[in-house]
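# Structural description and commentary
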Amino acid sequence: MFRRADPDASVILLHIPKTAGTTLAILLRNHYGIRLMRSVGGGPEGRSRFARLPAAERGESRLYIGHQAFGMHEHIPRPCEYVTILREPVARVVSHYHHVFGEPTHYLHNEVVQRRMTLERYVENPFPTDELDNGQTRMLADFELNRSVPIGRQDRSLLESALRNLESRFCAVGLTERFDESMVLMADALGWDGLPAYLPTRVSARRKSEPLADRVRQTIVARNALDMELYEWVKARVEAAILAGGTALAERVEAVKERNRRVASQAASRSKGSEPWN
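Bear in mind the structure is a predicted one, so any value in this text is a computation, not a measurement. (Residues numbered from 1 in each chain as written. Predicted model: local features only at pLDDT ≥ 70, side-chain atom pairs only at ≥ 80, totals over all residues. Heavy atoms only, no water.)

### With respect to the overall build of the protein
The number of helices and strands found in the protein is twelve helices and five strands. Relative to the globule expectation of 19 Å for 278 residues, the C-alpha radius of gyration of the protein, 19 Å, shows essentially globular dimensions. Seen through its principal axes, the protein has C-alpha atoms that stretch 55 × 45 × 40 Å. The proportion of buried residues among the 278 residues of the protein is 45%. Of all intrachain contacts in the protein linking residues separated by at least 6 positions in sequence, the fraction that spans at least 24 positions is 73%. A total accessible area of about 14,500 Å² is found for the protein, and carbon and sulfur atoms account for 50% of it. Counting 40 positive and 35 negative side-chain charges, the protein places the centres of these two groups 4 Å from one another. (Helix = DSSP H or I, 4+ residues; strand = E, 2+ residues; numbered from the N terminus. Rg over C-alpha atoms; globule rule 2.2 N^0.38 Å. Buried < 20%, exposed > 50% of the residue type's maximum accessible area, 1.4 Å probe, protein only. Contact = heavy atoms within 4.5 Å. Areas by Shrake-Rupley, 256 points an atom, 1.4 Å probe, with all protein chains shown as cover. Lys, Arg positive; Asp, Glu negative; His and termini not counted. Charge placed at Lys NZ, Arg CZ, Asp CG, Glu CD.)

### Description of the side chain of Ser-10
As for its position among the elements, Ser-10 is in strand E1 (residues 10-14). What makes Ser-10 buried here is its relative accessible area of 0%. Among the polar contacts made by the side chain of Ser-10, one reaches the main-chain carbonyl oxygen of Ser-61 at a distance of 2.7 Å. Here Arg-78 takes part through its side chain, which lies 2.9 Å from a polar atom of the side chain of Ser-10. Every residue in contact with Ser-10, bar those within four places of it in the chain, is listed here: Ser-61, Arg-62, Tyr-64, Arg-78, Pro-79, Cys-80 and Glu-81. (Polar contact = N/O pair within 3.5 Å; in protein donor to acceptor, adjacent residues only side chain to side chain.)

### Here we look at the nonpolar core
Grouped together as the largest cluster of nonpolar side chains are 62 residues, with contacts concentrated most on Leu-190 and Val-234. Tallying contributions element by element places helix H12 (residues 225-273) first for this core, with ten residues. If we ignore the near neighbours within four places in the chain, the residues touching Leu-190 are Ala-5, Val-11, Leu-28, Tyr-32, Val-83 and Cys-171. Membership of the second largest hydrophobic core comes to 15 residues, among which are Val-93, Tyr-97, Val-112 and Phe-127. (Core = buried A, V, L, I, M, F, W, Y, C linked by side-chain atoms within 4.5 Å.)

### Some words on the environment of Leu-13
As for its placement among the helices and strands, Leu-13 is situated in strand E1. Along the primary structure Leu-13 and Gln-154 are separated by 141 residues, whereas in three dimensions their C-alpha atoms are 26 Å apart. In this view, Leu-13 contacts Gly-21, Leu-24, Ala-25, Leu-28, Tyr-64, Ile-65, Gly-66, Val-83 and Thr-84; residues no more than four positions away in its chain are not counted.

### Things to note about the sheet that holds strand E3 (residues 63-66)
Read across the sheet, five strands follow the order E2-E3-E1-E4-E5 without closing on themselves; strand pairing throughout is parallel. Each of the sheet's edge strands pairs with one partner strand only, and the pair in question is strand E2 (37-39) and strand E5 (170-175). Mean inter-strand twist for the sheet, computed between neighbouring axes without regard to direction, equals 20°. With four bridges joining them, E1 and strand E4 (residues 80-86) adopt parallel strand pairing. Note that in E4 the partner of Val-11 across the bridge is Glu-81. Most of the contacts of helix H1 (residues 21-32) go to E1, to which it runs at about 165°, and overall it touches E1, E2, E3 and E4. Against the sheet, helix H9 (residues 156-169) contacts E4 and E5, and its axis sits at roughly 115° relative to E5. (Pairing = 2+ DSSP bridges. Axes fitted to C-alpha atoms, helices over the stretch in contact; angles between N-to-C directions.)

### Side note on the pattern of salt bridges
Side chains that differ in charge, positive against negative, can pair when their charged atoms come close. Applying the stated criterion across every chain, the model contains 13 salt bridges. With a closest N to O distance of 2.6 Å, Arg-115 and Glu-111 form a salt bridge. You can call Arg-115 partly exposed: its relative accessible area is 42%. Since its relative accessible area comes to 30%, Glu-111 is described here as partly exposed. Here Arg-261 and Glu-258 are joined by a salt bridge, their closest N and O atoms 3.0 Å apart. Of this pair, Arg-261 and Glu-258 both sit in helix H12, separated by three residues, roughly a single helical turn. The exposure class of Arg-261 is partly exposed, given its relative accessible area of 43%. A cluster of three or more residues bridged by salt bridges with shared partners is formed by Glu-254, Glu-258, Arg-261 and Arg-262. (Salt bridge = Lys/Arg side-chain N within 4 Å of Asp/Glu carboxyl O.)

Keep in mind that these numbers describe shape and distance, not what the molecule does.
As structure tokens, then:
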């Protein structure tokens, strides 16, 4: 899941929602610089607007970031390398629910709040939306194939397409659950000289962890069977890369964690120092 990238290629972050992609996006932005970054949002419409721009404008950036499915490289007139991060599917869907519930600008927020929708009802995907229907597999599969497969259909051609794309077009694919190891390996793949300190970026409010009802878990697994298989496939390869890195990689990861802890402590101290006396 990690290979050395073409040093002359632009980097595309395929940002799958609720996978810690925001933290990765900040790392990438800080490395390449905001002037060489382009954000491509707005879903399929935003993708179409980008494709209609002059070729020189589409190809001027070193970094492209956005919640855009696979295929953006077809609109960028220069070599491109993809990076992404995946998350265990059950945890991702649960996180998605809490994010939507607490984020007024999300397109599903009003419906969820007005209907006082429970997590149990949410995971049944009543909208429906492809974000809750093998959303990771769909984003990694060929764009037109993704759009042609109806929501609710467990079409293995989506999984096969996603796996082909991961193997052929991605230089780095990490896991939320092994984020620090993934970042060290990704930095190596991109040819960086070291990895700067970073803090987790939470786009949802921290919430108390609660046990997940079996029926909710079973519904998520059933509706995201392709994502479950995709995740296990990627997990096996990420774990193999970590194992291959041996003691040297483990020491580098621990150094990154220690540096992040120091930065977090310093940030907390500054925050306390700025609070007024009560």
